[in-house]
Structure formats: C-alpha cells, structure tokens
Amino acid sequence: MDLTYTEEEEAFRARLRDWLTAALPGLPPKPPPQDWPGRRAYDTAWQRALFEAGYADVHWDASPTRRLIFLEETEKAGAPYVGANFVGLLHAGPTIAAEGTTEQRARWLTPILRGDEIWCQGFSEPGAGSDLASLRTRAVRDGDSYVVTGSKIWTSHAEVADWCELLVRTDPEAPKHRGITWLAMPMDAPGITVRPLRTLAGSTEFAEVFLDEVRVPAANRVGEENDGWRVTMVTLSFERGTAFVGEVVACRRTLAELARTARKNGRWDDAVLRRRLGRLNAEFTALWRLTQWNVSEAEATGGVPGTGGSVFKLRYSHARQELYDTAAEVLGPDALDLSREWTLDRLSSLSYTIAAGTSQIQRNIVAERILGLPKER
C-alpha cells in the first residue's frame, strides 16, 4: 500500500502552511474550558475563517489523504481544534455526506462547514452501558413526524448545540440491531431538557438529555426506518477512523515536550523513564503509520474508513493514557497542580477507553470482523 504523497498533495500542504502562518497570529484569546458559549463562538469563528479560505470542505468533499494532511498541518501549527463543532464536522457531517439525500446534504452540510450550526451526539443511554444497540429511547411515527420519548447521556456539546444526531428505537419487536433509526433532531424542539454533567476535569462538554414526546420531522431521518444501525456504523467508522488524527499529532508533540522537560528538571537521568519515553515514541510513530494505512484504505474503498479504525482506536486509547501517566512521572509533585495542562489531559485521558466505543467493544470488533473469530454468545 502506497503511504507516500503526490506532488499535488504536497502542494496542498504548502498552501495550507502558508495560510496558517498568515491567519493564526490574528486569533483572539481562547476562552476558558468551562465557558462553552464562549468556546462555541471562538470555534465557529475559526470554522468560518476556514470556510472563507476554502479549507472547510476537507472533512467530506476532499479525499481522505487531503483530510489527513489538513488535520496534521493544523495540529502542528497549533491551530484551534474543531472543539464545539466536533460532532458536526467529524461525525454527523460525514455521515450525512455518505448516507443523506440530496435535500439533506443541501440543508445541513454547508451550515456545518460555515460554523453556523453546532451538532451534539445522542447515542449513549443510562441503561445501555457499552451495548449501544440496547438503547430504549422510543420513536413512534405520527403522520409526517416521529414522536420521541426517552433519555440520553454523555451527549457531547448538548448545551450549545442546534442539532442532535439521535438514535431511536422505531421497532421494539425487531432484533435489537434491526429496529433502530438515525434522526437529526432540532435541539430547540419542545420537550427537550438538557442537564449539563461536570467531568472529572471540571468541564461540562457532556450532558444528560431528556426527551418528552419530542416531535422530529420524518424528513430528518437519515437512511431508511429501522436501518439506523448500519448508518450508525458509518458514523462510528469516521469517529474511530479519522476523528483522532489531530490528537495523534498532538500526542507526538507532547512527547517531545516531555523529553525536553525531563532534561531540564533532572528526570532524564532515570534510565527507566528514558526507555518509557522511547517506547512511547515508537508507539505513536506506529499509530501514525496505521493512520496513514487506514486513510489509504478509505481512499481505495470510497472514502469511508474500515474496521482498521477499531484497531487504531483500541491502541490509541491505551497509548494516550500511558503518555499522560508518564507526564505525571516527569512532572513529579507538579502533577497534582490542576492548572498544569498535562494534569488536565491526564484526567481526560481516562475517558478514552470508553469514548467512541469501549476497549472491550473494540476487541470484539477486531476479533470478529478482522480475525474471523466466532461471535460472543
């Protein structure tokens, strides 16, 4: 498999670098993590700048390789991450681009790319645990609408979102994977209550969402009724396949900063720590190569990442946790200082073996779909 870049792709990289060099110095200060209305305004302003410069379409109208270059270069330059627009740009938008009708693409994709509308993810439920297909939120067809009742948890950016990619059960009698439907729910619809959740790191990017007979137009259904599990697999393939690309680059930069800090504070004299840093460097180099492989595969198969994304997500989740455990060793007593960026990153890293599908679920996917082992009973 060819992991090299073409002349055209390298020219795109050069143009992007030049634009970033000119655009980044003019950015205003970033709001604090707990100010999500401020973060929304900051993140959407950056997205509008990308749109006006012609770079916003990389998330679905460009090739997977060009998307990879974009994520790599913006992260290296220290550009703002997608932030509050994470779900729209990296989950819902690519799903609608791949599975939506012409009308749905026209309605939702440009507002996402311009930063006009923010999306949240309504997948997880309090009683479903790691088994997403066990969801119980009900949607009953009533004329031209679905009437939705139930609740969601860990709903990313719900308090500042305009839309929600929502999974509902439309046929309670069908096998659990076959009675699910994917809906786009307007967050200003009557009957929606949002209750923010405070994370271990003190932020509130997640929320509980309660749905009391919320009416969602049937025209907002992406895919066929009861075919939502297949559509969801498209969403999750993007979430596990390319959504973490920028974070791999960030982790490699953090690793280099850790080595510099260890040299300054004397921790570099610890041979065990040096070996750990060296092994992590090899780990993240391999993860970057795996990312390139997954992108090349997506390029050859129509743009949707494959099951290799589960291999990546599984290994990356644990490597990230080990990286920030190592950061704590480098910092020593300073690792208890919550004002230190690495301390907060260490706290947030604990969620990565759960978010986007738990490590147990990823192991099942790898075992069954890649290795061909028997399904669990």
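Report on the accompanying structure. (Residues numbered from 1 in each chain as written. Predicted model: local features only at pLDDT ≥ 70, side-chain atom pairs only at ≥ 80, totals over all residues. Heavy atoms only, no water.)

## Here we look at the overall build of the protein chain
Looking only at helices and strands, the protein chain features 11 helices and eight strands. By the burial criterion, 53% of the 377 residues in the protein chain qualify as buried. In the protein chain, once contacts between residues fewer than 6 apart in sequence are set aside, the share between residues at least 24 apart is 73%. (Helix = DSSP H or I, 4+ residues; strand = E, 2+ residues; numbered from the N terminus. Buried < 20%, exposed > 50% of the residue type's maximum accessible area, 1.4 Å probe, protein only. Contact = heavy atoms within 4.5 Å.)

## Looking at the packing of aromatic side chains
Under the criterion given, the structure shown has eight aromatic pairs. Taking 5.9 Å as the distance between ring centres and 25 degrees as the angle between the ring planes, the aromatic pair formed by W119 and W163 counts as stacked. Note that W119 is positioned in strand β1 (residues 119–122) and W163 in strand β4 (residues 163–169), a separation of 44 residues in sequence. Judged by its relative accessible area of 0%, W119 falls in the buried class. The positively charged end of R39 is found above the aromatic ring belonging to W36, 4.6 Å away from the centroid. Cation over ring: R141 sits above Y146, and NZ or CZ is 5.3 Å from the ring centre. (Phe/Tyr/Trp six-rings, centres within 6.5 Å; stacked < 30°, edge-to-face > 60°. Lys NZ or Arg CZ within 6 Å of the ring centre and 35° of its normal.)

## Brief notes about empty space enclosed by the protein
With the rule as written, the count across this model stands at two cavities of 30 Å³ or more. Lining the largest cavity we find 16 residues, and of these F70, T74, P80, Y81 and V82 sit closest to its centre. Every element with two or more residues in the lining of the largest cavity is listed here: α2 (36–53) and α3 (64–76). Here the lining of the largest cavity is built from residues that sort into nine nonpolar, five polar and two charged. The calculated volume of the second largest cavity comes to roughly 40 Å³. Residue lining of the second largest cavity: Y324, A327, A328, L331, A335, W342, T343 and R346, and that is the complete set. (1 Å grid on protein atoms, 1.4 Å probe; cavity = no way out; pocket = protein on both sides within 12 Å on 5 of 7 lines; lining within 4 Å. Points joined across faces, edges and corners; volume = space filled by probe spheres on them. Nonpolar A, V, L, I, M, F, W, Y, C, P; charged D, E, K, R; others polar.)

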